[in-house]
Amino acid sequence: MRIAGHLQDYRALGGVAFALVRDGSGIAQVTLKKETTDPALFAFFASTPRESVIQVDGLVQTSPKAQRGMELIPTQAELLSLAQVPLPLGVVDKVGAELDTRLNHRVMDLRKPAVRAIFELRTALLEGLRQAFLSRGFLEVETPKILRQGAEGGATMFAVDYFDSPAFLAQSPQLYKQMLMSAGFERVFEIAPAFRAEPSDTVRHLTEFTSVDGEVAYIRDGDDVRQVLEAALADTLATARTRLESMGNPFAEKLPVARPPFPRIPFAECEQLLERPGAEQDLATEDEKRLGEILVEKYGNPFYFLTDFPAATKTHTFYAHRYDDRPNLVDYFDLDYRGMELASGGRREHRLDRLTANIRVAGLDPATLEGYLEAFRFGMPPHGGWGFGLDRFVTVLAELPNIREARLFPRDRYRLTP
Ligand code: AMO
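Residues numbered from 1 in each chain as written. Predicted model: local features only at pLDDT ≥ 70, side-chain atom pairs only at ≥ 80, totals over all residues. Heavy atoms only, no water.

1. Some points on the environment of A124
Turning to its location among the elements, A124 is positioned in helix α4 (residues 113-134). A sequence separation of 113 residues divides A124 from L237, and the C-alpha atoms of the two residues are 8.7 Å apart. With sequence-adjacent residues up to four places away left out, A124 is seen in contact with A240, R243 and L244. (Helix = DSSP H or I, 4+ residues; strand = E, 2+ residues; numbered from the N terminus. Contact = heavy atoms within 4.5 Å.)

2. Describing the nonpolar core
L121, L125, F303, L335, W386, F388 and F393 are the most contacted members of the largest nonpolar core, which totals 48 residues. Per element, the largest residue contribution to this core is 10 residues, and it comes from α4. Setting aside its immediate chain neighbours within four residues, L335 contacts L229, L233, F262, F303, Y304, F305, M340, E341, L342, A343 and F388. Counting 32 residues, the second-largest nonpolar core is a separate cluster that includes A217, A320, L369 and M380. (Core = buried A, V, L, I, M, F, W, Y, C linked by side-chain atoms within 4.5 Å. Buried < 20%, exposed > 50% of the residue type's maximum accessible area, 1.4 Å probe, protein only.)

3. Some words on helix α10 (residues 370-377)
All of the buried residues along α10 are Y372, L373, A375 and F376. Down the axis of α10, the smallest arc covering the buried residues is 145 degrees, so these residues share one side. Check the buried side of α10 and you find it contacts α5 (174-182), α9 (352-361) and β16 (383-389). Immediately beyond the C-terminal end of α10, within one or two residues, lies G379, with a positive phi of roughly 100 degrees. (Arc of directions from axis to C-beta.)

4. A word on the side chain of H350
Secondary-structure assignment places H350 in the loop between β15 (340-347) and α9. According to the relative accessible area criterion, H350 is buried, its value standing at 17%.

5. Describing the pairing of strand β13 (residues 303-310)
Here β13 lies mainly inside the structure; 8 of its 8 residues are buried. Note: strand β12 (residues 264-266) against β13, 3 bridges, orientation parallel. Looking at the pairing, I265 lines up with L306 of β13. Both β13 and strand β14 (residues 329-337) contribute to a ladder of 7 bridges, which runs antiparallel. Residue pairing in the sheet places F309 in a bridge with V330 of β14. (Pairing = 2+ DSSP bridges.)

6. Here's the deal with the sheet that holds β13
The strands making up a sheet are joined through hydrogen bonds of the backbone, oriented either antiparallel or parallel. If you walk across this open sheet you meet the 8 strands as β6-β10-β11-β16-β15-β14-β13-β12, and the pairing is mixed. Two strands bound the open sheet, and with one partner strand each, they are β6 (139-140) and β12. Strands in contact with helix α6 (residues 222-247) are β10 (187-195), β12, β13, β14, β15 and β16; relative to β14, the strand with the most contacts, it is inclined by about 15 degrees. Running over the sheet, helix α8 (residues 285-299) touches β12, β13, β14 and β15 and is turned about 120 degrees from β13. (Axes fitted to C-alpha atoms, helices over the stretch in contact; angles between N-to-C directions.)

7. Here's the deal with the packing of α4 against helix α11 (residues 390-397)
Where α4 contacts α11, the two axes come as close as 10 Å, and the packing angle between them is 125 degrees. Taken together, the axes of α4 and α11 lie oblique to each other. For the pair α4 and α11, the crossing hand works out as right-handed. Taking contact as the criterion, the partners of I118, L121, R122, L125, L126 and L129 in α4 are, on α11, L390, D391, F393, V394 and L397. (Parallel < 35°, antiparallel > 145°, perpendicular 65-115°, else oblique. Left-handed = near helix turned anticlockwise from the far one by under 90°.)

8. A closer look at unusual backbone geometry
Residues P260 and P261 are joined by a peptide bond in cis, for which omega reads 0 degrees. With respect to the helices and strands, P261 occurs in the loop between α6 and β12. Across the junction of T417 and P418, the peptide omega takes the value -10 degrees, indicating a cis bond. By the secondary structure assignment, P418 is in the segment after α11. Phi is positive for E51, which is not a glycine, with a value near 80 degrees.

9. Here we look at the site of the ligand
Taken together, 24 residues are adjacent to the ligand, and Q174, Y332, E341, S344 and R348 come closest. Between the ligand and the protein, one listed contact pairs an oxygen atom with a side-chain N or O atom of K177 at 2.7 Å. Between the ligand and the protein, one listed contact pairs an oxygen atom with a side-chain N or O atom of R196 at 2.9 Å. The fraction of the free accessible surface of the ligand (620 Å²) that becomes covered by protein chains is 93%. When residues of the shell around the ligand are traced back to their parent elements, those giving at least two are α5, β15 and β16. (Near = heavy atom within 4 Å. Polar contact = N/O pair within 3.5 Å; in protein donor to acceptor, adjacent residues only side chain to side chain. Areas by Shrake-Rupley, 256 points an atom, 1.4 Å probe, with all protein chains shown as cover.)

Okay, here's the thing in structure tokens:
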């Protein structure tokens, strides 16, 4: 039997010595015995720095005391890659390092099985999401990330030099997923990076995040969108749980069961619950958290939708549909999980004249959005959709204190490396 991996630890205890070798599947115990093992192997393990990559050949024996009930009795060992001393960050240290230190030496941090488990969770969620949408007849699409014009408000656009003219990194696939409704695609989803120049340093914002977007044609109202989203999330969690159980991942049993229909609470009611009636501002993070406590207690579901936002809170969201009979409200929602906004979406304005008026109210010149508007000139079905933040979903499910831990190499206001 041959194993290869990082030499995690080596301990000699009199006549016997144990080496722990870690690979993607776990930790193997290598046992050296004075009477039978070549002294050169003792010397090899004793002199090889921790975390070096080694390869060991030997015979497998059952051993009730070893972690996996088996041990390898080595006959040969080889150094594949030397680890320098000292390590910038211990892989097995009990004492937790500061997040900044961990992120500065992220590769070492990712070697920790508990950290790796977060990315197994992420993989399982991606599998669940794809399966949930594909089984509902969605096409998976990839829209451009280098754009001439943004959709989510000017303040958070990253400008890039595009040969001789300005361009922007996509804040969301918003305009393109809507254009695909006019193309007749009817149901699309996209899982892709989104970029926001978020200057604020918070535990729930990144400058690069993964957005899980969906768009559906021929809906009647925002509730048709909510029904698709909540059912897809319930399936996603079920698929992820099955996958994680098969991997022995510790998050398998912690995943919540999503039980649609999630409660739907109009924004006006939230204002009352928060005792700030009539405010025409979107909820601040503190309000969101407090509301989460109240609503989870009241409805017993960690997932809930906030609906029917005042149009004044969404003026930059020119694509949102204002109710015809209540033009001061938009048929728009947020999906929250215990006080964390995971998604927002709703019904879109598919009528060209009203859409153009909304664009002007948002302070934009419709001429700059001509490529988008053309899709509305030649037959656009009623439609709606959502944008869902995968990193926030991982953050709440893994109960991480900071969204940065949900990404391999997070990007924020101050971090562009590693
Ligand atoms: P919105 O701007 O609300 O909506 O974004 C949708 C979801 O994306 C996530 N998100 C973020 N995650 C991490 N860091 C950030 N800086 C960040 N910004 C947003 C959140 C949020 O709920 N086009 C619309 C969606 C639509 O209407 O279809 C949009 O982008 O989880």
